[in-house]
Amino acid sequence: MWLRSFVAAALLQVCLVGSTHAKGPFGAVNVGGWTGGAFSNDETGAFSHCAVTAPYANGVILVVSQNAAGIWSLAFASPNYHFDKGESAAIDVTFDGQEQARLFATAYRPDMLTAVMPLNVVRTFQKASLMVATAGHAVLNFDLRSTGPVIAALANCVTKVKADGLDKAGDFTKGAAKPPATADKQGQPPAGKSGKGTRTSSGFGTGFVVSASGHIVTNNHVIDGCVELKGNLTGEAAMVLRVVSADANNDLALLQPSSTATFKDFARIRDRSFHSGDSVVAIGFPYHGLLTSDFTVTTGIVSSLSGMRNDTRFLQISAPVQPGNSGGPLFDTSGQIVGVVTAKIPGLRIAALTGDIPENINFAIKTGALRDFLDNSVVPYQTAEPKGELKTPEIAGNARAYTMLISCKGAEEADAKK
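Thresholds, definitions, all that
Residues numbered from 1 in each chain as written. Predicted model: local features only at pLDDT ≥ 70, side-chain atom pairs only at ≥ 80, totals over all residues. Heavy atoms only, no water. Helix = DSSP H or I, 4+ residues; strand = E, 2+ residues; numbered from the N terminus. Expected span 1.5 Å × (residues − 1). Contact = heavy atoms within 4.5 Å. Polar contact = N/O pair within 3.5 Å; in protein donor to acceptor, adjacent residues only side chain to side chain. Pairing = 2+ DSSP bridges. Axes fitted to C-alpha atoms, helices over the stretch in contact; angles between N-to-C directions. Core = buried A, V, L, I, M, F, W, Y, C linked by side-chain atoms within 4.5 Å. Buried < 20%, exposed > 50% of the residue type's maximum accessible area, 1.4 Å probe, protein only. Disulfide = S-S within 2.5 Å. Salt bridge = Lys/Arg side-chain N within 4 Å of Asp/Glu carboxyl O.

Caption draft 1: The arrangement of helix H3 (residues 147-164) in detail. Here H3 is 18 residues long and its end C-alpha atoms lie 25 Å apart, about the 26 Å a rise of 1.5 Å per residue gives. Once H3 ends, the next one or two residues include Gly 165, with phi positive near 95°.

If you want it as structure tokens, here you go:
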């Protein structure tokens, strides 16, 4: 009986803000030894999070959660724990004896430590069979063989409750996407983007640095299927890059140099609303190898605050972009990031439908989706309010220090080099 009540308390209080006022579960998630559902904030009645728990023979209960904002968390709970509220701890986790990560946990209640799980850790957690968690002198093993469908069910829970409300909560394991056996990325890429596995040819795109630790933002379709990634600033040697996290649904990816590298200059994200008609500057490396080896600069305006079929994740811009611009920064006139260039409208396809070739219709991912992605990946990015206008050459000059050519090599080219 004590275990059931303890598990219920853990589910209710796993929300990252440390809320002690939650009600549920609504609906259900039952997979293997994991149980849970959706929960609301008891003070407001609003949807709070979806969570599941599983008790282990080592005396620890794991709690996995995704909140309404899409942030994932992993909690370690036990009636034997006695933490001070607000106490923090570093927990090193190793998956299947290979992939490692460090989580930073906080005690929102005396018997539980809760940590944010970046998306790359969520994907590894989803695919792994065994997790070893180390905190201080304590080493604990956790069987994860049923976490694939659990993560899918939780994501389905959040999506369905946000769309339909708590009163229509049901069995969230039904209709949940089955986790791919070997894929590194979740979800499906936007229309027109590559998503067919390992590439057999090379390609180029653009990225930009958003932290002093060298976190680099680009599009998911730029790096999807690449077996070797490199990046270089104009006039500097290329560096090998690794994928930190990726979001196929929003076409975003986060890279970082494989070797330790720090960057004095990096982009700041605009921390103020943007409007239709505002001027923008796009920078990238279109048609690399055919045109200049330096980046190109184009200007335009925000034509619309939504993309294709009123997709509010995107901006429509008139600044010309071409293949190779993907993943590049979109600036306002003060030099702050207002979007990530992602696509141009497929002119020939639209011409076949309408008889007219569209001009200057291009799209960029808004900073709201970008910031959510960086928050989930625990990136220490910086925001800034626009202060004064810069001339376009000044914006380009500043961007040179952190705008990067991204080079992708597919399987055939990489094998040919061996």
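The structure having been displayed, the exposition proceeds.
Caption draft 2: Focus on the environment of Ile 216. Checked against the element boundaries, Ile 216 lands in strand S12 (residues 216-218). In sequence terms Ile 216 and Pro 257 are 41 residues apart; their C-alpha atoms lie 8.6 Å from each other. Discounting residues that sit within four places of it in the chain, Ile 216 has contacts with Gly 207, Phe 208, Val 209, Leu 241, Ala 253, Leu 254, Leu 255, Pro 257, Met 404 and Ile 406.

Caption draft 3: How the structure looks around the side chain of Thr 218. Considering the arrangement of structural elements, one finds Thr 218 in strand S12. Here the side chain of Thr 218 touches Thr 206 through a polar contact of 2.7 Å, landing on its backbone oxygen. When near neighbours in sequence (up to four residues on either side) are disregarded, Thr 218 contacts Thr 206, Gly 207, Ile 223, Asp 251, Leu 252, Ala 253, Leu 255, Ser 326, Gly 327 and Ile 406.

Caption draft 4: Here's a closer look at the sheet that holds strand S13 (residues 228-233). Sheet architecture is closed into a barrel: 6 strands sit in the order S11-S12-S15-S14-S13-S24, paired in antiparallel fashion. Each strand of the sheet is rotated relative to its neighbour by a mean of 40°, with strand direction disregarded. The sheet contact formed by strand S11 (residues 203-209) and S12 spans 2 bridges and is antiparallel. Within the sheet, the bridge partner assigned to Phe 208 lies in S12 and is Val 217. Its contacts with the sheet put helix H6 (residues 367-376) on S12, strand S14 (239-247) and strand S15 (252-257), and the angle it makes with S15 is roughly 50°.

Caption draft 5: The nonpolar core, seen in detail. Core analysis: the largest hydrophobic core is formed by 89 residues, its most contacted members being Val 64, Phe 125, Met 131 and Leu 374. By residue number, the principal contributor to this core is H3, which donates 7 residues. Membership of the second largest hydrophobic core comes to 12 residues, among which are Ala 282, Leu 315, Ala 319 and Val 341.

Caption draft 6: Layout of unusual backbone geometry. The backbone phi angle of Asp 251 is positive, close to 55°, even though this residue is not glycine. Along the chain, Asp 251 falls in the loop between S14 and S15. In the Ramachandran plot, Val 378 falls in the positive-phi region, its phi being about 55° despite a non-glycine side chain. Along the chain, Val 378 turns up in the loop between H6 and strand S23 (383-384).

Caption draft 7: The arrangement of the pairing of S13 in detail. In the sheet, S13 pairs with strand S24 (residues 403-409) via 6 bridges, with the strands oriented antiparallel. By the bridge assignment, Leu 229 is partnered in S24 with Cys 408. In this sheet, S14 lies alongside S13 in antiparallel orientation, the contact comprising 3 bridges. In the sheet register, Leu 229 faces S14, and the bridge partner there is Leu 241.

Caption draft 8: Structural view of the state of the cysteines. By the definition in use, this model includes 2 disulfides. Here Cys 50 connects covalently by a disulfide to Cys 157, the sulfurs 2.0 Å from one another. Classification of the bridge connecting Cys 50 and Cys 157 rests on its S-S torsion, roughly -75°, and on that basis the disulfide is left-handed. Of this pair, Cys 50 sits in strand S3 (residues 47-55) while Cys 157 sits in helix H3, placing them 107 residues apart in sequence. Accessibility classification places Cys 50 together with Cys 157 in one group, the buried group. In this model Cys 226 forms its disulfide with Cys 408; the gap between the sulfur atoms is 2.0 Å. Taking the torsion about the S-S bond as the criterion, the Cys 226 to Cys 408 disulfide, at about -110°, is left-handed. Here Cys 408 lies in strand S24 and Cys 226 lies in the loop between helix H4 (220-223) and S13, a separation of 182 residues in the sequence. A single burial state applies to Cys 226 and to Cys 408, both of which are buried. Bonded cysteines in the chain are paired 1-2, 3-4 when counted in the order they occur along the chain.

Caption draft 9: Examining the pattern of salt bridges more closely. One pass over the structure, following the stated rule, counts 10 salt bridges. Taking the shortest distance from any N to any O, the salt bridge between Arg 109 and Asp 111 comes out at 2.4 Å. A salt bridge links Glu 228 to Lys 230; the shortest N-O distance between them is 3.8 Å. Since its relative accessible area comes to 24%, Glu 228 is described here as partly exposed. When salt bridges that share partners are traced, they join Glu 228, Lys 230 and Lys 409 into one network.

Caption draft 10: Representation of the pairing of S15. Burial of S15 is extensive: 6 of the 6 residues sit out of reach of the surface. Of the two faces of S15, the one holding Leu 252, Leu 254 and Gln 256 and the one holding Ala 253, Leu 255 and Pro 257 are both buried throughout. Summarising the sheet, S12 and S15 pair through 3 bridges and their orientation is antiparallel. The residue of S15 that forms the bridge with Val 217 is Leu 254. Across 6 bridges, the pairing between S14 and S15 is antiparallel. Paired with Arg 242 across the bridge in S15 is Gln 256. Taking the residues between adjacent antiparallel strands as the criterion, S14 and S15 are bridged by 4 residues, where Asp 251 takes a positive phi near 55°.

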